[in-house]
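# Architecture and fold: a report
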Amino acid sequence: MSARSTAPSPETGGATPSPPTGTSPRMIARALVYRRARTISVIGTFLVLLLGCLYVAQSLLLPVFLAFLLSLVFSPLVRTLARFRIPNALTAFAVVLTLSASVIAGIYGLSGPISGWIDEAPNIERQLRLRLADLSEPLDKLREAQQQVSEATEQDNGGEDVQKVVVAEPNLISQAAQGAPDIMAGIMLMLVLLLFILSGGDRIYEKLIRALPTFGDRRKGMRIAHDIEREVSRYLAAITAINIALGIVVGSLMAIVGLPNPALWGIAAAILNYVPILGALSGVAIVAVVALVSMQTTAEALIAPGLYLACTVIEGQLITPALVGNRLKINSIAIVLAIALWGWLWGFVGVLVAVPILIVMGVISKHVEGLGGLRELIGPHRENPRPPKEPKET
């Protein structure tokens with residue numbers, strides 16, 4: 001009997017028996033193609049099932065994910081105060097209480113302006129149509145057709161007992177009232193889970209690390225967990241401070257130019273700026289629509305969106321790169337695709353957490369050797385390095 005030699009396989013990374021003597025290279029290549037196709041099909045099936053689970057179970061997974069994300073932000077604070085003999089439970093309770101008060105104050109403060117804009121929606125639509133008369137011709141034809149249909153249905157055709165059927169659609173207020181219990185339940189679940197995670201300190205990390213098989217994997221897992229916590233907390237802390245300052249500046253400028261409810265637009269600017277690129281464009285478009293409705297002339301209406309755009313350009317090109325640094329060196333295409341994906345899965349909250357998820361994936365890809373391709377996809381575009389100069393012959 002002849003002994004078979006072993007050689008490392010590029011797919012598995014381990015030692016696999018060499019093909020038997022007499023096997024043609026064509027058969028070997030076909031076997032490798034089949035193996036790669038099987039691997040790709042398994043990974044693709046797993047990703048499809050994962051996306052389906054994330055979409056179906058979003059009411060449960062979204063509060064849990066937000067709780068863990070907020071724990072990454074506030075864990076350094078809890079750990080720092082623990083050095084001064086302050087219990088973790090007391091710090092966690094103070095953090096959760098502050099977040100709860102902020103949510104309640106935000107809902108109470110924004111309820112008045114938002115309800116006022118909803119009540120004024122018909123007048124806003126009429127004024128906007130008058131301002132954009134050249135673009136409203138298709139809408140006028142649609143309204144005329146709708147009016148003709150309604151007049152035709154109102155004719156009794158000679159009968160006196162004709163019943164009119166009216167289909168009533170729910171408005172925004174009724175839809176918000178129907179979804180309010182689910183939203184409040186998700187917020188309560190997030191706050192309670194955040195309280196227990198912060199109170200436990202590093203015990204969550206320790207339990208996750210103990211599940212790894214070897215000591216080297218445990219050390220690497222602890223290093224990855226601390227790097228994720230450091231990068232995400234620093235990024236969110238810096239971005240939050242920048243967005244608060246941006247909201248104050250935008251709100252002040254909107255008040256100066258005479259835009260109604262300047263505090264509302266300042267808060268909207270601070271929230272939308274968590275979304276890179278698309279958030280600023282959305283804010284400029286919203287302010288432009290409101291300015292067209294509120295201002296007397298079109299020239300005056302262009303001042304408010306122009307100031308908003310100038311603030312976001314200065315923030316995005318000068319302030320954020322100087323303060324955030326390397327933590328936002330992510331491929332722009334990856335950012336847009338992540339915003340689209342998580343926005344489709346989890347709505348507006350998914351859009352807000354898209355960039356922190358990319359940061360987490362980037363940190364993991366730096367420590368795991370097999371994720372070099374993911375690191376290249378997420379990372380920024382780099383020019384091809386110049387080839388080294390050949391030494392001159394003497």
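Residues numbered from 1 in each chain as written. Predicted model: local features only at pLDDT ≥ 70, side-chain atom pairs only at ≥ 80, totals over all residues. Heavy atoms only, no water.

### So, the overall build of the chain
Basically, it comes down to this: Under the DSSP-based scheme used, a helix requires at least four consecutive residues in state H or I and a strand at least two consecutive residues in state E, with every element numbered from the N terminus. Exposure categories follow from relative accessible area, calculated using a 1.4 Å probe and restricted to protein chains: below 20% of the type maximum is buried, above 50% is exposed, and the middle band is partly exposed. Only the protein chains shown count as cover for residues, and all accessible areas are computed by the Shrake-Rupley method using a 1.4 Å probe.
Looking only at helices and strands, one finds 15 helices and 2 strands in the chain. Here the chain holds 394 residues, and the buried ones make up 26% of them. Summing over all exposed atoms, the chain offers an accessible surface of approximately 26800 Å²; the carbon and sulfur share of this is 66%.

### What to know about a positive patch on the surface
For clarity, the cut-off: Each patch is built from residues that are more than 30% exposed by relative accessible area and take part in no salt bridge. Like charges join if they lie within 9 Å; nonpolar side chains (Val, Leu, Ile, Met, Phe, Trp, Tyr) join within 5 Å. Every case where a carboxyl oxygen of Asp or Glu lies within 4 Å of a side-chain nitrogen of Lys or Arg is listed as a salt bridge. When charges are counted, Lys and Arg are positive and Asp and Glu negative, with His and the chain ends excluded. Taken as the charge location is NZ of Lys, CZ of Arg, CG of Asp or CD of Glu.
Taken together, the side chains of R203, K207, R210 and R218 make up a positively charged region of the molecular surface. Considering every element that reaches the positive patch, the biggest residue donor is helix α7 (residues 203-210), with 3 residues.

### Notes on the nonpolar core
Which entries qualify depends on this criterion: Nonpolar cores are built from buried Ala, Val, Leu, Ile, Met, Phe, Trp, Tyr and Cys residues. Side-chain atoms within 4.5 Å join them into one set.
Counting residues in each nonpolar core, the largest one holds 44 residues, and the members touching the most others are L198, V232, Y235, I330 and W342. Looking at this core, the elements that each hand over two or more residues are α2 (58-82), α3 (88-119), α6 (172-200), α8 (215-257), α13 (332-352) and α14 (354-367). The element contributing the most residues to this core is α8, with 9 residues. Counting 17 residues, the second-largest nonpolar core is a separate cluster that includes L246, W265, A269 and M295.

### Examining the layout of surface pockets
Quick reminder of the rule: The method works on a 1 Å grid over the protein atoms by themselves. A cavity is a set of points holding a 1.4 Å probe that cannot get out, a pocket is an open set with protein on both sides within 12 Å along at least five of seven lines, and residues with an atom within 4 Å of a point line them. Grid points are joined across faces, edges and corners, and a volume is the space filled by probe spheres set on the points. Just so you know the grouping, Ala, Val, Leu, Ile, Met, Phe, Trp, Tyr, Cys and Pro go in nonpolar, Asp, Glu, Lys and Arg go in charged, and all remaining residues, Gly too, go in polar.
If you add up the space inside the second largest pocket, you get close to 1500 Å³. Lining the second largest pocket are 44 residues, and of these W342, I357, V360, M361 and I364 sit closest to its centre. Elements supplying a minimum of two residues to the lining of the second largest pocket: α1 (25-56), α2, α7, α8, α13, α14 and α15 (372-378). The class makeup of the residues in the lining of the second largest pocket is 38 nonpolar, 6 polar and no charged.

### So, the confidence of the model for the chain
The following threshold applies: On a scale of 0 to 100, pLDDT captures the predictor's confidence in every residue. In this description, contact between two residues means that some pair of their heavy atoms is separated by no more than 4.5 Å.
Confidence in the prediction for the chain averages 75 pLDDT; 70% of positions are at 70 or higher. Predicted confidence in the chain is weakest over strand β1 (residues 6-8), with a mean pLDDT of 47, and strongest over helix α9 (residues 262-272), with 87. Considering only residues more than four positions removed or in separate chains, one finds that residues 1-15, a stretch of pLDDT under 50, has 17 contacts.

### Brief notes about the pattern of salt bridges
Under the counting rule described, the total for this entry stands at 2 salt bridges. With a closest N to O distance of 2.8 Å, R79 and E229 form a salt bridge. Residue R79 is found in helix α2, and its partner E229 is found in helix α8; the two are separated by 150 residues along the sequence. Residue classification places R79 among the partly exposed residues on the basis of a relative accessible area of 27%. For R230, the salt bridge goes to D227, with nearest N and O atoms at 2.7 Å. With R230 and D227 both in helix α8 and 3 residues apart, this pair spans about one turn of that helix. According to the relative accessible area criterion, D227 is buried, its value standing at 13%.

### Concerning α14
Residues lying three or four places apart along an α-helix face the same way, a consequence of the helix completing one turn every 3.6 residues. Formally: The span you would expect from a helix comes to 1.5 Å times its residue count less one.
Its 14 residues place the ends of α14 21 Å apart at the C-alpha level, agreeing with the 20 Å of an ideal helix rising 1.5 Å per residue. Along α14, 10 of the 14 residues are buried, which leaves the element largely enclosed by surrounding structure. Looking only at α14, the buried set comprises A354, V355, P356, I357, L358, I359, G362, V363, S365 and H367.

### Digging into unusual backbone geometry
Despite not being glycine, R85 shows a phi value in the positive range, around 65 degrees. Locating R85 in the fold gives a position in the loop between α2 and α3.

### Section: the packing of aromatic side chains
Selection criterion: Centres within 6.5 Å are what make two rings of Phe, Tyr or Trp a pair, Trp counting through its six-membered ring; a difference in plane orientation under 30 degrees is then read as stacked, over 60 as edge-to-face, and the rest as tilted.
What the rule picks out here adds up to 3 aromatic pairs. On the numbers, 5.5 Å between centres and 15 degrees between planes, the contact of Y55 with W344 is stacked. Of this pair, Y55 sits in helix α1 while W344 sits in helix α13, placing them 289 residues apart in sequence. Residue W344 is classed as exposed on the basis of its relative accessible area, which comes to 54%. Ring geometry for F65 and W346: centres 5.6 Å apart, planes at 55 degrees, overall tilted. With F65 in helix α2 and W346 in helix α13, the pair connects residues that are 281 residues apart, well separated along the chain. Look at F65 and you get partly exposed, because its relative accessible area is 27%.

### Considerations on a nonpolar patch on the surface
Where nonpolar side chains cluster on the molecular surface, the patch consists of L51, Y55, V56, L341 and W344 and spans about 500 Å² of accessible area. Contributing elements (two or more residues each) for the nonpolar patch: α1 and α13. Take Y55: its relative accessible area is 40%, and that puts it in the partly exposed class.

### What about the side chain of S365?
Spelled out, the test is: Counted as a polar contact is a pair of N or O atoms within 3.5 Å, where, for protein atoms, one must be capable of donating a hydrogen and the other of accepting one, and residues adjacent in sequence contribute only when both atoms are in side chains.
As for its placement among the helices and strands, S365 is situated in helix α14. Residue S365 is classed as buried on the basis of its relative accessible area of 0%. Polar side-chain contacts of S365 include one of 2.7 Å to the backbone oxygen of G362. Not counting the four nearest positions on each side in its chain, S365 is found in contact with L371, L374 and R375.

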